[in-house]
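Geometric and topological summary
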Amino acid sequence: MTDDDELTALRDQCTRFFHGHGKQTAATMLATIPAETTMDTYGQGGAVADLEAEICRLLGKPAATFLPSGVMAQQAVLRVHADERNRRTVVFHPMCHLEQHEGQAYQRLHGLVGRPAGGRDRLITLADLTAIAEAPAALLIELPQRDIGGQQPAFDDLAAQVAWARERGAAAHLDGARLWESAAGYERAPADIAALFDTVYISFYKGIGALAGCCVAGPADIVGQVGEWRQRMGGTLYGLWPNAASALSCLNERLPRFPAYLDHARAIAAALEAVPGVTVIPDPPQVPMMHLLLRSSAEDYAAAARRLAKDRGIWTRPECMPTADPGLQRLELSVGDGTLEFEPDEIAEIFAALTGT
């Protein structure tokens with residue numbers, strides 16, 4: 001049996017999952033598609049049109065288009081902003097998804113130029129932006145900033161950064177893959193955050209736990225061009241309705257729960273203060289997610305995670321993200337329905353076992 005086979009077998013025998021919305025199977029995901037769903041044809045009509053209308057309502061934008069991939073969506077919308085302004089530079093945080101997880105596609109496929117601003121381990125500040133002399137096509141802001149633990153700036157600071165972009169004739173684009181989490185953290189409606197930006201990208205498999213897919217929302221002329229890029233990039237599939245319908249049902253079910261997810265995340269962080277081998281980033285969490293620094297080697301953590309699955313039927317991530325210190329591992333914890341099934345003290349006890357403290 002390979003290591004992957006062993007992990008799959010361990011996962012299948014587990015009955016409790018405290019990351020996100022818990023265990024997802026083909027059956028549970030198919031159940032998010034209502035039987036009475038109306039089908040689209042090449043993205044026109046049906047559940048796709050219904051979802052796009054709902055996103056317009058939730059974000060207060062005049063138009064939205066559904067795409068099968070966030071990588072495709074953000075490349076397309078940034079390309080449109082660049083072409084509209086005859087500029088190529090996009091300013092973003094050095095740890096943003098565009099820079100870290102997409103194989104430099106914005107550059108290699110669309111000829112855009114990335115301009116990282118600020119430090120890797122902190123949020124962008126207005127001072128970081130004012131130090132930039134060149135005129136950018138767009139400022140991309142990710143809310144929350146996932147790779148530094150789900151941090152986000154104070155709302156007034158966010159508005160000032162967007163104003164910096166506008167003063168320079170640049171578009172302000174929101175990477176809102178986790179906008180629902182961000183809204184809970186700001187204690188504002190998603191539309192209040194979206195109103196700051198020209199365009200917004202929002203994911204559906206993240207946060208609400210739907211099937212893959214996303215929307216870009218904004219002015220009708222920009223969104224229309226994004227739809228044309230969707231076709232050019234192979235994203236206008238014959239039928240997009242299963243994913244759109246899943247998104248609609250998961251929005252209806254889970255969007256009201258995000259304040260509770262945030263409360264639970266903060267209660268977990270407070271409980272983890274008693275575990276000497278764990279550091280929460282940021283503390284307290286600003287949104288319903290956090291990063292945990294675990295005082296453990298990669299090998300010891302992996303062995304402890306397997307014991308937890310085998311002996312107690314509790315599944316956590318089988319591996320951590322490495323850090324510069326071999327004795328310190330980084331773990332991302334997103335709080336969802338699965339996490340709500342665990343009391344904070346139990347999660348603290350679980351992490352004490354995972355770190356051997």
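Structure: above.
Residues numbered from 1 in each chain as written. Predicted model: local features only at pLDDT ≥ 70, side-chain atom pairs only at ≥ 80, totals over all residues. Heavy atoms only, no water.

Next up on the list: helix α13 (residues 258–272). With 15 residues, α13 extends 21 Å between its outermost C-alpha atoms, agreeing within 8% with the 21 Å of an ideal straight helix rising 1.5 Å per residue. Of all the positions in α13, only Phe258, Tyr261, Leu262, His264, Ala265, Ile268, Ala269, Ala271 and Leu272 are classed as buried. (Helix = DSSP H or I, 4+ residues; strand = E, 2+ residues; numbered from the N terminus. Expected span 1.5 Å × (residues − 1). Buried < 20%, exposed > 50% of the residue type's maximum accessible area, 1.4 Å probe, protein only.)

Once that is clear, we can look at the pairing of strand β3 (residues 89–92). Of the two faces of β3, the one holding Thr89 and Val91 and the one holding Val90 and Phe92 are both buried throughout. Relative to strand β4 (residues 113–116), β3 runs parallel, the two being bridged by four bridges. Note that in β4 the partner of Val90 across the bridge is Gly114. Where β3 lies against strand β5 (residues 138–142), two bridges are found, and the strand directions are parallel. (Pairing = 2+ DSSP bridges.)

A few words on the sheet that holds strand β13 (residues 328–334). Read across the open sheet, the four strands follow the order β9-β10-β13-β12; overall the sheet is antiparallel. The sheet is open, and its two edges are formed by β9 (278–281) and β12 (321–322), each paired on a single side. Two strands pair when backbone bridges link them, and β12 and β13 are joined in this way by two bridges, in the antiparallel orientation. Looking at β13, one finds that Pro322 is bridged to Gln329. Running over the sheet, helix α16 (residues 344–355) touches β9, β10 (289–295) and β13 and is turned about 35 degrees from β10. (Contact = heavy atoms within 4.5 Å. Axes fitted to C-alpha atoms, helices over the stretch in contact; angles between N-to-C directions.)

A separate point is the packing of aromatic side chains. What characterises a pair of aromatic rings is the spacing of the ring centres plus the angle enclosed by the ring planes. Under the criterion given, the structure shown has seven aromatic pairs. Look at Tyr42 and Tyr238: their rings are 5.1 Å apart centre to centre, the planes differ by 85 degrees, and that puts the pair in the edge-to-face class. With Tyr42 in the loop between α2 (26–30) and α3 (46–59) and Tyr238 in the loop between α11 (220–232) and α12 (241–254), the pair connects residues that are 196 residues apart, well separated along the chain. Pairing Phe155 with Tyr186 gives two aromatic rings, centres 5.3 Å apart and planes at 80 degrees, and the pair type is edge-to-face. Placement of the pair is Phe155 in helix α8 (residues 155–167) and Tyr186 in helix α9 (residues 179–186), with a sequence separation of 31 residues. Summarising the burial analysis for this pair, Phe155 and Tyr186 share the class buried. Grouped by ring-pair contacts, the aromatic residues Phe18, Phe342 and Phe351 constitute a single cluster. Above the ring of Phe342, the side-chain terminus of Arg16 is found at 4.0 Å from the ring centroid. For the cation-ring pair, Arg188 lies above Phe155, with the distance from its terminal atom to the ring centre recorded as 3.7 Å. (Phe/Tyr/Trp six-rings, centres within 6.5 Å; stacked < 30°, edge-to-face > 60°. Lys NZ or Arg CZ within 6 Å of the ring centre and 35° of its normal.)

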